Amino acid sequence: MRLTTKIVTVVTVAVAALALTGLATAKDKAPSGRELYKEYCKPCHTADSPNGEYTPMTLIQDQWTEFFTKNYERTHKNVVDPKHDNAKVLELITPDMLKKIQKFAVDHAADSEHPMTCG
Ligand code: HEC
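Owing to the predicted nature of the structure, the values given are computational and were not obtained by experimental measurement.

Visitor: Where do I start with helix 5 (residues 95-107) in this structure?
Guide: Side chains of residues three or four places apart in an α-helix project in the same direction, reflecting 3.6 residues per turn. The end-to-end C-alpha distance of helix 5 is 18 Å, a good match for the 18 Å that 13 residues give at a rise of 1.5 Å each. Looking at helix 5, one finds that the buried residues are Met97, Leu98, Ile101, Phe104, Ala105 and Val106. Each element contacted by the buried residues of helix 5 is listed here: helix 2 (33-40), helix 3 (61-76) and helix 4 (89-92).

Have a look at this one:
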């Protein structure tokens with residue numbers, strides 16, 4: 001192998017390795033809809049909660065869509081979350097997080113192919 005070829009090979013391998021590590025880290029950092037639901041919804045909506053028990057399979061898909069598009073803001077605007085330093089729920093959960101949570105709820109609603117609690 002000529003020296004330049006060797007160098008090119010080494011550099012290519014190093015870049016590929018770095019790219020893979022980067023991907024793995026990014027994936028670790030971005031929680032799934034299920035993890036978000038568990039962390040940001042479930043604590044207030046367990047079986048014995050005065051706020052009502054809600055897991056994805058509590059509602060059907062249309063009800064979840066209606067909840068997220070019409071009722072979420074209204075029903076949670078004055079709610080603060082003791083699990084997260086009493087932050088306001090509407091400020092704590094970003095629009096991106098909410099999108100993932102909505103997808104998880106709809107994908108596992110009572111009338112979905114894979115109804116699920118969030119475990
Ligand atoms: C800090 C506590 C808290 C958190 C966190 C929380 N909720 Fe609620 N949730 C409430 C309260 C309080 C109500 C209103 C209960 C009532 O009016 O009887 C409510 C109501 C609801 C309702 C019923 C709404 C309706 O139309 O009656 C649903 C569904 C719901 N929450 C789902 C969720 C989801 C999904 C999340 C996560 C994105 C979430 N909640 C996060 C406290 C919380």
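Visitor: Mind showing me how you'd approach the coordination of the iron atom of the ligand here?
Guide: Each pair of donors in an ideal four-coordinate tetrahedral metal site encloses 109.5 degrees, whereas pairs in an ideal six-coordinate octahedral site enclose 90 or 180 degrees. The protein atoms that coordinate the iron atom of the ligand are His45 (NE2) and His76 (NE2), at distances spanning 1.9 to 2.0 Å. Here the iron atom of the ligand is ringed by six donor atoms whose angles at the metal span 88 to 180 degrees, and the overall shape comes out octahedral. Highlighted residues: His45 in the loop between helix 2 and helix 3 and His76 in helix 3, separated in sequence by 31 residues. You can call His45 buried: its relative accessible area is 14%.

Visitor: Explain helix 2 here, please?
Guide: Turning to helix 2, its buried residues are Gly33, Leu36 and Tyr37. Summarising the axial view, the buried residues of helix 2 lie within an arc of 100 degrees, below the 170-degree limit, and thus occupy one face. Those residues of helix 2 that are buried are in contact with helix 3 and helix 5.

Visitor: Looking at this model, I keep getting lost on the state of the cysteines. Mind explaining?
Guide: Here a disulfide denotes a covalent bond joining the sulfur atom of one cysteine to the sulfur atom of another. Under the definition given, this model contains zero disulfides. Cys118 forms no disulfide, and the closest cysteine sulfur to it belongs to Cys41, at a distance of 7.9 Å. With relative accessibility at 1%, the residue Cys118 sits in the buried group.

What counts, and at which threshold
- Residues numbered from 1 in each chain as written.
- Predicted model: local features only at pLDDT ≥ 70, side-chain atom pairs only at ≥ 80, totals over all residues.
- Heavy atoms only, no water.
- Helix = DSSP H or I, 4+ residues; strand = E, 2+ residues; numbered from the N terminus.
- Expected span 1.5 Å × (residues − 1).
- Buried < 20%, exposed > 50% of the residue type's maximum accessible area, 1.4 Å probe, protein only.
- Contact = heavy atoms within 4.5 Å.
- Donors = N, O, S within 2.8 Å, 3.2 Å for Na, K, Ca; no water.
- Tetrahedral: all angles 85-135°; square planar, octahedral: opposite > 155°, others 65-115°.
- Arc of directions from axis to C-beta.
- Disulfide = S-S within 2.5 Å.

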